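Residue-level listing of the chains:
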There are 2 protein chains.
Amino acid sequence: MIRLSVDCMGGDHGPSVTLPACRAFLASHPEAELILVGRSDALAPAAGWPRTTLVAASEVVEMTDTLEIALRRKKDSSLRVAVSQVKSDGGEPAAAHACVSAGNTAALMAVSRYVLKTLDGIDRPAIATVIPNERDAYTTVLDLGANIDCSADHLLQFAVMGSALVDAVAGKREPTVGLLNIGEEAIKGGETIKRAGDLLRKAAASGLINFHGNVEGNDIFKGTTDIVVCDGFVGNVLLKASEGLATMLAGFIRQEFTRNLGTRLAALVALPVLNHFKKRVDHRRYNGAALLGLRGLVFKSHGSADAFAFEHALNRAYDAARNGLLDRVHDRILATLAAMPAAAELGDALAADDARV
Amino acid sequence: MIRLSVDCMGGDHGPSVTLPACRAFLASHPEAELILVGRSDALAPAAGWPRTTLVAASEVVEMTDTLEIALRRKKDSSLRVAVSQVKSDGGEPAAAHACVSAGNTAALMAVSRYVLKTLDGIDRPAIATVIPNERDAYTTVLDLGANIDCSADHLLQFAVMGSALVDAVAGKREPTVGLLNIGEEAIKGGETIKRAGDLLRKAAASGLINFHGNVEGNDIFKGTTDIVVCDGFVGNVLLKASEGLATMLAGFIRQEFTRNLGTRLAALVALPVLNHFKKRVDHRRYNGAALLGLRGLVFKSHGSADAFAFEHALNRAYDAARNGLLDRVHDRILATLAAMPAAAELGDALAADDARV
């Protein structure tokens, strides 16, 4: 049995989206249980649902709230209470195996980090998502904005965590890792990227990851590697630009097919084909980014997700929990620390640093 | 009269693409003159063309050549000789007003920098290109990979040079500038980005640029601002990822319409609409990136450009030269140095640094 905790108040639409998604998820996952977190009145429609526990939280982190407010003021927010469900206290198992929220990304990351803490050897948790590629498969990209100005060691940690994720969720034992750069040659890029390349090659030599080498922006969509690691600033810009480009192209296609009566007739004929295309690139099916490196599984849904998209985030969290993603990440990180002492030292130094914060 | 120098040997296809493009360009620009540079045998077909001078260069910089080879070994390369045509020696006007090459980007930048030198106050030349946006206009993005690990001052210089470019080529007197970031709020991003934001606001207060504020990846395609400035690593990844995504989507559309007899018939009906769409997003029409900040105009064509695309790069270089882009960039940079002494000091320090190299 897998139990998910759900922040029902998060996102642009709150319970009007999250509750129908939870209902659908329960119907398709007869072995799953849900802990729904939110204001009592908002959760009322879910009273009496099978395999469902309601947990009241009096506050809501708004999309515009600062981190300060999310962390220090709203201690009874649905976001924080939902995340707390995956925290295991002194040997006691956690109430839930994974948490899903469509709330503010920065707040979700900060609260998750504060409540759950990071795994040994992980300085900075990362956000990972999947992006469809030409091979009709997915490329897993991280980090998508949790970290800016990443060091080489951070990029190594992303590679290790990303490998655990693809292993657990896609069942690929030794997924390939690409280092995002501005050229394929090892001499390309700045000092950080070059050092990251060295570390990744070293990790590959120790059998920790399956390192392909440098990849470029277009390789994400070619599907050259299963995983692409990059600094969070770059990943965030890349993801948003891709969303922007896809939106623009979809808009252009719509405009072209509605230009006049002739094109509208053509659209009618082409409709089944266009719908098939639309379904194939429907970003809602890729919803649900993993926050990796924490002592608990947290998944982030797009804030503007509809019920269909939010359900996909629930599915993703469920699959990750079912396949033991948390332990797999932990095991791989421990193996990395054991095999690469330099990275371990750095991990310790950073952990000490963390403890001071 | 505007005269362009053309590296006829550059790019994946060399003279088989560049010569037909030059021929078409001459036909559509009755006031233009060309200096065609390349191996004598390769240029033979152009003998006798109107308004055309042939200049022999015995060597060719290959796409795989290192910078060392491009700079120090192949001193009689078509790339170098073509760039040299826009160098003005001691008051003597240059032979050409702008140079166009489809050669290796890094080699073109390094040779241009070595032969032409940078303008006063410019440490790092930048590469700028236009990207189509939802408003059926273009967003000018720089830098696209000439510089990695850019400082705040570099981003300011990019904003000033980009403004001169859009002013000259698109005739927009006060184009808006966006700073690429991972959020709209001024507090987002790392130290460099925040300092760049401060500098850009200061420059806007002095009337040097029209600063909009932070923009995100999707704003490039929304057309939120006329210009988007970013670090070259980010710009390069972003551009290549966008090309990759567009290629993938085009491939998916093709696949869907050729799936079976029914979809092929639908394609037949939809063909005029699809062709119109294809034309609208045809990247060949955006070919021709400007190398800004040099003491001469150099334009870089995509290496894989066909004759249609290469002709567009020629058109772009012609328009830039005709509208005095070089003087406009220089004037704006001088005004910036005058109004923002801190940036000027930095410029001097870097120029001294340059002189040592």
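Quantities reported herein were computed from a predicted structural model and do not represent experimental measurements.

A look at the overall build of chain A
Phase 1: From N to C terminus, chain A includes 13 helices and eleven strands.
Phase 2: Since a compact globule built from 357 residues should have a radius of gyration of about 21 Å, the 21 Å found for chain A is in line with a globular shape.
Phase 3: Dimensions of chain A, computed from C-alpha atoms along their principal axes, come out at roughly 65 × 50 × 35 Å.
Phase 4: The 357 residues of chain A split such that 57% are buried.
Phase 5: Nonlocal contacts in chain A, meaning residues at least 24 apart in sequence, comprise 69% of its contacts between residues at least 6 apart.
Phase 6: Carbon and sulfur atoms provide 53% of the accessible area of chain A, an area that totals close to 14600 Å².
Phase 7: Taking the average location of the 38 positive side-chain charges in chain A and that of its 41 negative ones, the two points are 4 Å from each other.

A short note on the sheet that holds strand 11 (residues 297–300) of chain A
All names here are of chain A.
Phase 1: Pairing is mixed across the open sheet formed by eleven strands, whose spatial order is 3-2-1-4-11-10-5-6-9-7-8. The strands lining the two open edges of the sheet, one partner per strand, are strand 3 (52–56) and strand 8 (210–215). On average, each strand axis in the sheet is tilted by 25° relative to the strand beside it, whichever way the strands run.
Phase 2: Where strand 4 (residues 98–101) lies against strand 11, four bridges are found, and the strand directions are parallel.

Remarks on the domain arrangement of chain A
In many reports, interface size means the accessible area that the parts give up when they come together.
Phase 1: Looking at chain A, the domain boundaries give domain 1 (1–116) and domain 2 (121–286 + 324–357).
Phase 2: Put simply, the middle of domain 1 of chain A and the middle of domain 2 of chain A, counted by C-alpha atoms, are 26 Å apart.

Remarks on the environment of B:Pro175
Phase 1: Checked against the element boundaries, B:Pro175 lands in the loop between helix 6 (152–170) and strand 7 (176–180).
Phase 2: With sequence-adjacent residues up to four places away left out, B:Pro175 is seen in contact with B:Ser163, B:Val166, B:Asn210, B:Asp226 and B:Ile227.

Side note on the interface of chain B and chain A
Phase 1: The interface is formed by 47 residues belonging to chain B together with 47 residues belonging to chain A.
Phase 2: Summing both partners gives a buried area of about 4300 Å² for chain B against chain A, and 78% of it is carried by carbon and sulfur.
Phase 3: Where chain B packs against chain A, one counts four salt bridges.
Phase 4: For A:Glu256, the salt bridge goes to B:Arg280, with nearest N and O atoms at 2.8 Å.
Phase 5: Viewed at the interface, chain A and chain B are joined by twelve residue pairs in polar contact (both at pLDDT 80 or more).
Phase 6: Elements that contribute at least two residues to the side of chain B that touches chain A include exactly helix 9 (232–257) and helix 10 (261–280) of chain B.
Phase 7: The residue inventory of the side of chain B that touches chain A, partitioned by class, reads 25 nonpolar, 14 polar and eight charged.

A look at the environment of A:His312
Phase 1: With respect to the secondary-structure elements, A:His312 resides in helix 11 (residues 307–322).
Phase 2: Along the primary structure A:His312 and A:Gly288 are separated by 24 residues, whereas in three dimensions their C-alpha atoms are 6.8 Å apart.

A word on the layout of surface pockets
Phase 1: If you add up the space inside the second largest pocket, you get close to 630 Å³.
Phase 2: When contributions to the lining of the second largest pocket are tallied by element, the ones reaching two or more residues are helix 7 (191–205) and helix 9 (232–257) of chain A together with helix 7 (191–205) and helix 9 of chain B.
Phase 3: Each residue belonging to the lining of the second largest pocket can be placed in one class, and the counts come to 17 nonpolar, five polar and six charged.

Some words on the pairing of strand 10 (residues 289–292) of chain B
Phase 1: On strand 10 of chain B, burial covers both faces: B:Ala289 and B:Leu291 on one face and B:Ala290 and B:Leu292 on the other are all buried.
Phase 2: Adjacent in sequence and paired antiparallel, strand 10 of chain B and strand 11 (residues 297–300) of chain B are bridged by four residues, among which B:Gly293 carries a positive phi angle near 105°.

Some points on the nonpolar core
Phase 1: Among the nonpolar cores identified, the biggest contains 232 residues, and A:Leu36, A:Phe257, B:Leu36 and B:Phe257 are the most heavily contacted of them.
Phase 2: Domain assignment of the residues forming this core places at least three in each of domain 1 (1–116) and domain 2 (121–286 + 324–357) of chain A.
Phase 3: Each residue touching A:Leu36, except ones within four places of it in the same chain, is listed here: A:Val6, A:Cys8, A:Leu19, A:Cys22, A:Leu43, A:Ala46, A:Trp49, A:Thr52, A:Thr53, A:Leu54 and A:Val55.

A closer look at unusual backbone geometry
Outside of glycine, negative phi angles account for most residues, and trans bonds account for most peptide bonds.
Residue and element names in this part refer to chain A.
Phase 1: Of the consecutive residues Leu-142 and Asp-143, the connecting peptide bond is found in the cis state with omega at 5°.
Phase 2: Mapped onto the elements, Asp-143 comes out in the loop between strand 6 (138–142) and helix 6 (152–170).
Phase 3: Of note in the backbone geometry, Arg-51 takes a positive phi value of approximately 50° without being a glycine.
Phase 4: Along the chain, the position of Arg-51 falls in the loop between helix 2 (40–43) and strand 3.

Let's talk about the sheet that holds strand 3 (residues 52–56) of chain B
In a beta sheet, neighbouring strands pair by backbone hydrogen bonds and run either parallel or antiparallel.
Residue and element names in this part refer to chain B.
Phase 1: Ordered in space as 3-2-1-4-11-10-5-6-9-7-8, the eleven strands form an open sheet in which the pairing is mixed. Unpaired on one side and paired on the other, strand 3 and strand 8 (210–215) mark the two borders of the sheet. Pairs of neighbouring strands in the sheet enclose a mean axial angle of 25°, with direction left out of account.
Phase 2: Strand contacts of helix 7: strand 7, strand 8 and strand 9 (227–229), with the helix running at about 170° to strand 7, the strand carrying the most contacts.

Focus: the state of the cysteines
Phase 1: Using the criterion set out here, one finds zero disulfides over all chains in the structure.
Phase 2: The thiol sulfur of A:Cys22 is not disulfide-bonded, and the nearest other cysteine sulfur, from A:Cys8, lies at 4.8 Å.

A word on a nonpolar patch on the surface
Phase 1: Together, A:Leu261, A:Leu265, A:Leu268, A:Val269, B:Leu261, B:Leu265, B:Leu268 and B:Val269 line one region of the surface with nonpolar side chains, adding up to about 850 Å² of accessible area.
Phase 2: If you list the elements that add at least two residues to the nonpolar patch, you get helix 10 (261–280) of chain A together with helix 10 of chain B.
Phase 3: Structurally, B:Leu261 is set in helix 10.

Remarks on the packing of helix 10 of chain A against helix 10 of chain B
Phase 1: Helix 10 of chain B packs onto helix 10 of chain A with a crossing angle of 145° between their chain directions and a minimal axis gap of 8 Å. The element helix 10 of chain A and its partner helix 10 of chain B pack so that their crossing is left-handed. Note on element contacts: helix 10 of chain B touches helix 10 of chain A through B:Thr263, B:Ala266, B:Val269, B:Ala270 and B:Val273, opposite A:Thr263, A:Ala266, A:Val269, A:Ala270 and A:Val273.
Phase 2: In the contact of helix 10 of chain A with helix 10 of chain B, the residues fall into eight nonpolar, two polar and no charged.

Some remarks on the side chain of A:Gln85
Residues and elements named next belong to chain A.
Phase 1: With respect to the helices, strands and loops of the structure, Gln-85 is situated in the loop between helix 4 (78–84) and strand 4.
Phase 2: Taking the relative accessible area as the measure of exposure, Gln-85 reaches 13% and is therefore buried.
Phase 3: Engagement of the side chain of Gln-85 in a polar contact is seen with the backbone oxygen of Val-81, the distance being 3.1 Å.
Phase 4: Setting aside residues no more than four positions away along its own chain, Gln-85 makes contact with Ser-5, Ile-35, Val-55, Ala-94, Ala-95 and Ala-96.

Looking at the relation of the copies chain B and chain A
Phase 1: Overlaying chain B on chain A yields an RMSD of 0.0 Å, the required transformation being a rotation through 180° with an accompanying axial translation of 0.0 Å. On this basis, the relationship between the two copies can be described by a two-fold rotation axis.
Phase 2: Of the residues that chain B buries at the interface, 100% are likewise interface residues in chain A, meaning the two copies contact each other through the same surface.

Some thoughts on the packing of aromatic side chains
Residues and elements named next belong to chain A.
Phase 1: Tallied over the entire structure, the rule returns four aromatic pairs over all chains.
Phase 2: Judged by centre distance (5.8 Å) and plane angle (70°), the ring pair of Phe-25 and Tyr-318 falls under edge-to-face. Residue Phe-25 is located in helix 1 (residues 15–28), and its partner Tyr-318 is located in helix 11; the two are separated by 293 residues in the primary sequence.
Phase 3: Look at Phe-25 and you get buried, because its relative accessible area is 0%.

Reading the values: rules and limits
Residues numbered from 1 in each chain as written. Chains lettered and ligands numbered in written order. Predicted model: local features only at pLDDT ≥ 70, side-chain atom pairs only at ≥ 80, totals over all residues. Heavy atoms only, no water. Helix = DSSP H or I, 4+ residues; strand = E, 2+ residues; numbered from the N terminus. Rg over C-alpha atoms; globule rule 2.2 N^0.38 Å. Buried < 20%, exposed > 50% of the residue type's maximum accessible area, 1.4 Å probe, protein only. Contact = heavy atoms within 4.5 Å. Areas by Shrake-Rupley, 256 points an atom, 1.4 Å probe, with all protein chains shown as cover. Lys, Arg positive; Asp, Glu negative; His and termini not counted. Charge placed at Lys NZ, Arg CZ, Asp CG, Glu CD. Pairing = 2+ DSSP bridges. Axes fitted to C-alpha atoms, helices over the stretch in contact; angles between N-to-C directions. Domains from an automatic or database assignment. Buried area = accessible area lost by both parts, 1.4 Å probe. Salt bridge = Lys/Arg side-chain N within 4 Å of Asp/Glu carboxyl O. Polar contact = N/O pair within 3.5 Å; in protein donor to acceptor, adjacent residues only side chain to side chain. Nonpolar A, V, L, I, M, F, W, Y, C, P; charged D, E, K, R; others polar. 1 Å grid on protein atoms, 1.4 Å probe; cavity = no way out; pocket = protein on both sides within 12 Å on 5 of 7 lines; lining within 4 Å. Points joined across faces, edges and corners; volume = space filled by probe spheres on them. Core = buried A, V, L, I, M, F, W, Y, C linked by side-chain atoms within 4.5 Å. Disulfide = S-S within 2.5 Å. Patch = residues over 30% accessible without salt bridge, like charges linked within 9 Å, V, L, I, M, F, W, Y side chains within 5 Å. Left-handed = near helix turned anticlockwise from the far one by under 90°. Least-squares fit on C-alpha atoms with pLDDT ≥ 70 in both. Phe/Tyr/Trp six-rings, centres within 6.5 Å; stacked < 30°, edge-to-face > 60°.

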